Amino acid sequence: MSPSTSGAPRHLPAEREGAWEVVIGMEVHVQPKTRSKMFCGCAVAPLNAPPNTYTCEVCLGMPGVLPAINIAAVEACLKTALALSCEIPRHTKFDRKNYMYPDLPKGYQISQYDLPMSVNGHIEVGGRTVRIRRVHLEEDTGKLVHAGDKLHRAWESYVDLNRAGVPLMEIVSEPDLRSADEARDYAMELRTVLRNIGASEADMEKGQMRVEPNISVRKVGSSGLGVKTELKNINSFRALHRAISYEVARHVEVLQSGGAVVQETRGWSEDEQRTFSQRSKEFAEDYRYFPEPDLPPLELDRAWIEELRRNLPELPAVTRAALEKELPAAVAALIGESRDLTELYRQTIARGASSTATANWIVNEVAPSGKIPSPDNLAELVRFLEDGAITRDQGREVLAESVETGRTPAEIVAEHGFRQTSDPSELLVIAEAVIDANPKAASDYRAGKTQAIYVLVKDFRARAPQANPKVANELLTKLLS
Amino acid sequence: MTSDDLTRITVKEALRLLRLGTISSADLVTAHVERIERLDSKVKAYLRFTPELWEKQAAEADRKLRAGAGGPLAGIPMAVKDVLCVQGVETTAGSQILKGYRPPYTATAVQRLFEAGAVMIGVTNCDEFAMGSSTENSSYFPTRNPWDLARVPGGSSGGSAAAVAAGEAMIALGTDTGGSIRQPAALCGVVGMKPTYGRVSRYGLIAFASSLDQIGPFARSVDDAAVVLSVMSGLDALDSTSADRAPMEVLNSFDRGVKGMRLGLPREYYEVEGVEPGVKAAIDAALVVLQKEGAEIVDVSLPHSDYGLAAYYIIAPAECSSNLARFDGVKYGLSEVDARNITDLYMHTRRKGFGAEVRRRVMLGTYALSSGYYDAYYLKAQKVRTLIKRDFDEAFQKCDAIVSATSPTVAFPLGAKTQDPLAMYLNDVLTLGGNLAGLPGISVPCGTSDGLPVGLQVLGPQWGENVVLRVARAYEEASEIKPEVADVA
């Protein structure tokens, strides 16, 4: 969920695109968090592993090999399906999608065709319900590395099969999205859900999440669907937004100039910031799907599915709604995005710490550092700060050290002798020294340049880090008036 | 006992002598190698030999036997069909497209036999990718029938059948997709068995049609075949279609005789079109023997048999068109790299690497799976398959096992059917029902017609290998027709 658009009124496509309405459906490929590949025991290769080092006879498609299902991938897919409120049919099976390409070692991809793992789900994005058509499992292909500047001029091509056989979940939405904003928010919400339930890291930059929007436009008020194009090569949420905006404008331009949109797959060029034709539907492959004879149909154990459903963590939308009762929407969104931060927040306030102060420390200090303190220690720290016993700067040091060493804030504060001085009589002498040492800033301030106070405040903090900034500020303004 | 006599005995007898210390595995291997050197230039059962394996494995078996140990096949010379991967041993599925290919791993079934002490002699010839019924579709050379060198040994596992029949191996492995073990066993006068689908792991079997393929043994006695089968059987985590069944159950009461058993005689099989009178006569005689042993012959019907061939020739090519897509010249085997683009690489490699029958089936299967034809062909064929399964289920309500000829004909002359694929396909008409229904079946020698071997087929219900073996064994014992080693001339 993007804070900038969360809950905000939508731009009506009609306003932006004249009399056209944008219709977007999304195909999202997500790599579930598993140790091994979909159908063999190979470890999932880390990014940038040397080519073909994470392979075996199975994922290399050697003659005679057979697939064996990785149950961890099935579990991740089911969890995802349940989180998206999908139905889990009793019977599911794998199918072969047949096409030849050098990055596809067997000459077919094991995927799911007419009996996917799950169907008919939905997800709420910014107040809109987006229907999920299906979530199914398949295997990834390898990749080609071309020697040469352009594919059609490459003089040599190499195949790297490290990714071949890596599990993928494909999440297909209905065409329920109406703008680039919505499409991006949908993708971000999916990522949040996937991370929250532990199904995937869903990092787009690492290729763990690949988003392919299907885009068409139609006259406002029309219920039919226009000719669609599918976009590929999108590597970030920002690129997703730009690619859709570009493509929508292109569709409208084509249609308004009396032309017809060609149904095709188009690539997004990050360098040129435009889409380009990749594959026309006229030459579309006939994938000759048929049931994978090497894998018996799966009869999913209902008790297992119910157990997964029971153990599913609270969904981000529910978390956010609960947090929004105590916190501003933007803060609730930031904390609610992460399971760990939500837990930290809830357990810290359960120990009596103030919710606003706790939330602020989590958003401003804990989240950027990526290091999670124990709720006990955070609660203690927040209490020190609220009591005015230490300064914010000292608080940061205490937090960092506490996370590092596991020691309690009380121990750290005592050891460093951290305290906050709020007694004006004690600080007055420092205020006078600061003004003496910065005559220009002082005279600037007196002359009405109020920003000059910051020079003095900075010097104050350097001379007396333990000083209560509020008191210091008051003293300086008083002396200068 | 002369060295050559060691090529005529059964596994059972050989094991007895090995355990007594009368002979060694090395002796057995030497006897077989000598016979191969004398005869195989005529029979041409083998594509290649594996001296590095037989030396190591025979020595290992002898060491264990001397220590009073050794598995159930310790020291037994074995031939392996060219579709089963053996690590480091050139394995080509009878095809030019895999020439020079050495698998990095060993098929589960072969591995289990190695662990039981079997000694690999070599790789046997077969129809390319196991597609054929005469071994004439091998891209290397045809194999000859040891009983009449002008005739075919059957196929596709013709090399394995001929090797066992000619005394060039004591046991051999084949694969059976539509009859490719049972039919050559019948034509070569040896025992050949196809297990229930899922009994033996297919891991390492270069797939022809995944839902039909099974690995099975050739031997010169039912007992020997039973031992080989039990060793290969059982769950394999690497094959999700393999079943968690106890390997030894195939031997349950298999030596009890047929007294009181009901043997079904499907009229559609008995009166099959093109059945030779001599074959029919041999089967009639076999039925009399079984009746004398106390079996009751009952009339059963498999009403959808007529559609079996058509369904088979949709399903098998459809699966093969997908299974063979990996042979693209990119990763292993033949690669016609002098190509302008990737499509050219595929086309040139596959045109040069695949023979006519393989190309025909890939095209048939691709067509059958195509958008717009899938329902009319593949889906319809699967429905027929369900009906055929039901036919068998109903028949097994009335009988314990089904008996018929294995092949409507005896071995035919080389070249007799190569120009007529449909005539060739009809060889499988009595066997492919067992594959479509996933049932166990055996072919056991039952006399001759015009001096050429005839096979009696016994089919059993799913997981009923012990029933099939029981009927075959009882017949073998009562008929006193023991599989013999052919005197190749």
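Reading the values: rules and limits
- As a convention, each chain's residues are numbered from 1 in the sequence order in which they are written.
- Key to labels: chains lettered from A, ligands numbered from 1, both in the order written.
- Note on the predicted model: pLDDT of at least 70 is required for a residue's local features to be given, and 80 or more for side-chain atom pairs to be given and counted; whole-chain, interface and lining totals, by contrast, use all residues.
- Secondary structure counts use DSSP, requiring at least four H or I residues in a row for a helix and at least two E residues in a row for a strand, with both numbered from the N terminus.
- The globule rule used for comparison is 2.2 Å times the number of residues to the exponent 0.38, while the radius of gyration itself is calculated over C-alpha atoms.
- Using C-beta atoms placed from the backbone, we call a residue buried if 20 or more other C-beta atoms fall within 10 Å of its own, exposed if 12 or fewer do, and partly exposed for counts in between.
- Residue pairs qualify as contacts under a 7 Å threshold applied to their C-beta atoms, which are placed from the backbone.
- What a helix is expected to span follows from its residue count: subtract one and scale by 1.5 Å.
- What the arc describes is the spread of directions from the helix axis to the C-beta atoms.
- What makes a nonpolar core is a set of buried Ala, Val, Leu, Ile, Met, Phe, Trp, Tyr and Cys residues, with links drawn between C-beta atoms within 7 Å.
- Here the term charged refers only to Asp, Glu, Lys and Arg, the term nonpolar to Ala, Val, Leu, Ile, Met, Phe, Trp, Tyr, Cys and Pro, and the term polar to all other amino acids, Gly among them.
- Between the N-to-C directions of two axes lies an angle of 0 to 180 degrees, each axis being a line fitted to C-alpha atoms and, for a helix, fitted only over the stretch in contact.
- Reported orientations rely on four angle classes, namely roughly parallel under 35 degrees, roughly antiparallel over 145, roughly perpendicular from 65 to 115, and oblique for the rest.
- Each helix crossing is assigned a hand: it is left-handed if the near helix lies turned anticlockwise from the far helix by less than a right angle, otherwise right-handed if that turn is clockwise.
- Confidence scores here are pLDDT values: one per residue, from the predictor, ranging 0 to 100.
- Pairing between strands requires that DSSP locate at least two bridges from one strand to the other.

K.L.:
Requested: an account of the overall build of chain B, with residues and values cited.
P.N.:
Of the regular secondary structure elements, chain B holds 16 helices and eleven strands. The C-alpha radius of gyration computed for chain B amounts to 21 Å, which stays within 12% of the reference 23 Å derived for 489 residues, consistent with globular compactness. Taken over the C-alpha atoms alone, chain B extends approximately 65 × 50 × 45 Å along its principal axes. Looking at the 489 residues of chain B, the share that counts as buried comes to 64%. A separation threshold of at least 6 residues defines the contact pool for chain B, and within that pool the share at least 24 residues apart is 77%.

K.L.:
Account for the overall build of chain A, with residues named and values stated.
P.N.:
Per the secondary structure count, chain A includes 16 helices and 15 strands. For chain A, the spread of C-alpha atoms along the principal axes amounts to about 85 × 55 × 50 Å. Within chain A, the proportion of its 481 residues that are buried is 41%. Within chain A, contacts between residues separated by at least 24 positions form 69% of all contacts whose residues are at least 6 apart in sequence.

K.L.:
How would you summarise helix α11 (residues 392–405) of chain A if you had to cite specific residues and measurements?
P.N.:
Residue and element names in this part refer to chain A. When the terminal C-alpha atoms of α11 are compared, their 20 Å separation across 14 residues agrees well with the 20 Å that a helix rising 1.5 Å per residue should span. Listing the buried residues of α11 in full gives Q394, G395, V398, L399 and S402. Projected onto a plane normal to the axis of α11, the buried residues spread over an arc of 140° and lie on a single side. Where α11 is buried, its residues touch α9 (355–369), α10 (375–386) and α12 (409–416). Of the residues one or two after α11, G406 is the one with positive phi, at around 80°.

K.L.:
I'd like a rundown of the nonpolar core, residues and numbers included.
P.N.:
Ranked by size, the top nonpolar core spans 240 residues in total, and within it M78(B), L84(B) and I171(B) carry the most contacts. What L84(B) contacts, discounting residues up to four positions off in sequence, is A107(B), A109(B), V110(B), L173(B), G204(B), L205(B) and I215(B). Core analysis: the second largest hydrophobic core is formed by 28 residues, A333(A), L334(A), A359(A) and A379(A) among them.

K.L.:
Please give an account of the interface of chain B and chain A that cites residues and values.
P.N.:
Listed by partner, the interface residues are 34 residues for chain B and 25 residues for chain A. Of all the secondary structure elements, the ones that give two or more residues to the side of chain B that touches chain A are α10 (305–323), α11 (342–353) and α12 (356–369) of chain B. When residues in the side of chain B that touches chain A are grouped by element, the largest group, three residues, is from α10(B). Tallied by class, the residues present in the side of chain B that touches chain A amount to 19 nonpolar, nine polar and six charged.

K.L.:
Just give me the short version of the packing of helix α7 (residues 329–336) of chain A against α9(A), but keep the residues and values in it.
P.N.:
All names here are of chain A. Close contact between α7 and α9 brings their axes to 10 Å; oriented N to C, the two are set at 55°. Relative to α9, the element α7 lies oblique. The two elements α7 and α9 cross, and the hand of that crossing is left-handed. Contacts from V331, L334 and I335 in α7 reach A359, I362, V363 and A367 in α9.

K.L.:
Let's hear about the packing of helix α15 (residues 453–463) of chain A against helix α16 (residues 469–480) of chain A: which residues, and what values?
P.N.:
The geometry of a pair of packed helices is captured by two quantities: the angle between their axes and the separation between those axes. All names here are of chain A. At a closest axis distance of 10 Å, the pairing of α15 and α16 adopts a crossing angle of 130°. The angle between the axes of α15 and α16 places the two elements in the oblique class. Pair α15 / α16 crosses with right-handed handedness. Only A472, N473 and L476 of α16 make contact with α15, whose side of the interface consists of I453, L456, V457 and F460. In the contact of α15 with α16, the residues fall into six nonpolar, one polar and no charged.

K.L.:
Run through the environment of F290(A), naming residues and quoting values.
P.N.:
Residue placement: F290(A) occurs in strand β14 (residues 290–291). Sequence separation between F290(A) and F384(A) is 94 residues, and the spatial gap between their C-alpha atoms is 66 Å. Among residues more than four places away in sequence, those in contact with F290(A) are D95(A), R96(A), A318(B), L369(B) and Y378(B).

K.L.:
Break down the environment of N360(A) for me, with residues and values.
P.N.:
By secondary structure assignment, the location of N360(A) is in helix α9. As a C-alpha pair, N360(A) and S374(A) span 14 residues in sequence and 16 Å in three-dimensional space.

K.L.:
Account for the confidence of the model for chain A, with residues named and values stated.
P.N.:
Here chain A shows a mean pLDDT of 90. Residues at 70 or above account for 94%. Here residues 1–17 of chain A is modelled with pLDDT under 50, and outside its nearest four sequence neighbours on either side it reaches 35 contacts, counting other chains as well.

K.L.:
Quick rundown of helix α4 (residues 237–256) of chain A? Include the residues and the values.
P.N.:
Look at α4(A): 28 Å from first C-alpha to last across 20 residues, which is about the 28 Å you get at 1.5 Å a residue. Phi turns positive, to about 85°, at G258(A), one or two residues after α4(A).

K.L.:
Kindly report on unusual backbone geometry, identifying the contributing residues and their values.
P.N.:
Cis geometry is found at the peptide bond from G155(B) to S156(B), where omega equals 10°. At N52(A), a residue that is not glycine, the phi angle is positive and equals roughly 60°. For N52(A), the position within the fold is in the loop between β1 (20–30) and α2 (71–83).

K.L.:
Describe in detail the sheet that holds strand β4 (residues 108–111) of chain A, supporting the description with residues and values.
P.N.:
Hydrogen bonds between backbone atoms are what pair the strands of a sheet, whose relative direction is either parallel or antiparallel. All names here are of chain A. With respect to topology, three strands assemble into an open sheet ordered β4-β3-β14, the strand pairing being antiparallel. Of all the strands in the sheet, the pair left with one neighbour each is β4 and β14. Relative to β4, strand β3 (residues 95–98) runs antiparallel, the two sharing four bridges. Bridge pairing in β4 links K97 to Q109.

K.L.:
So, the sheet that holds strand β5 (residues 191–194) of chain B: which residues are in play, and what are the values?
P.N.:
All names here are of chain B. Reading across the sheet, the eleven strands line up as β1-β3-β2-β4-β6-β5-β10-β11-β9-β7-β8 and stay open at both edges, with mixed pairing between neighbours. Of all strands in the sheet, those bounded by a partner on one side alone are β1 (46–49) and β8 (296–300). Here the average twist between neighbouring strands, direction ignored, is 30°. Sheet topology note: the strand β9 (residues 401–405)/strand β11 (residues 452–459) ladder contains four bridges and is antiparallel. Bridging from a neighbouring strand, V403 pairs with V458 of β11. Together, β1, β2 (77–81), β3 (119–124), β4 (171–176), β5 and β6 (214–219) form the strand contacts of helix α5 (residues 158–165), whose direction differs from that of β4 by roughly 155°. The strands that helix α7 (residues 222–232) touches are β4, β5, β6 and β10 (441–449); relative to β6, the one it contacts most, it runs at about 150°.

K.L.:
Describe the confidence of the model for chain B, and please don't skip the residues or the numbers.
P.N.:
Looking at chain B as a whole, the pLDDT averages 96, with 100% of positions reaching at least 70. Prediction confidence for the complex, expressed as pTM and ipTM, is 0.87 and 0.96 respectively.

K.L.:
Break down the pairing of β5(B) for me, citing the residues and quoting the values.
P.N.:
All names here are of chain B. Side chains of β5 alternate between two faces, with V191 and M193 and G192 and K194 buried alike. Examined bridge by bridge, β5 and β6 share two bridges and lie antiparallel to one another. Looking across to β6, one finds that G192 is bridged to F218. Where β5 meets β10, three bridges bridge the pair, whose relative direction is antiparallel.

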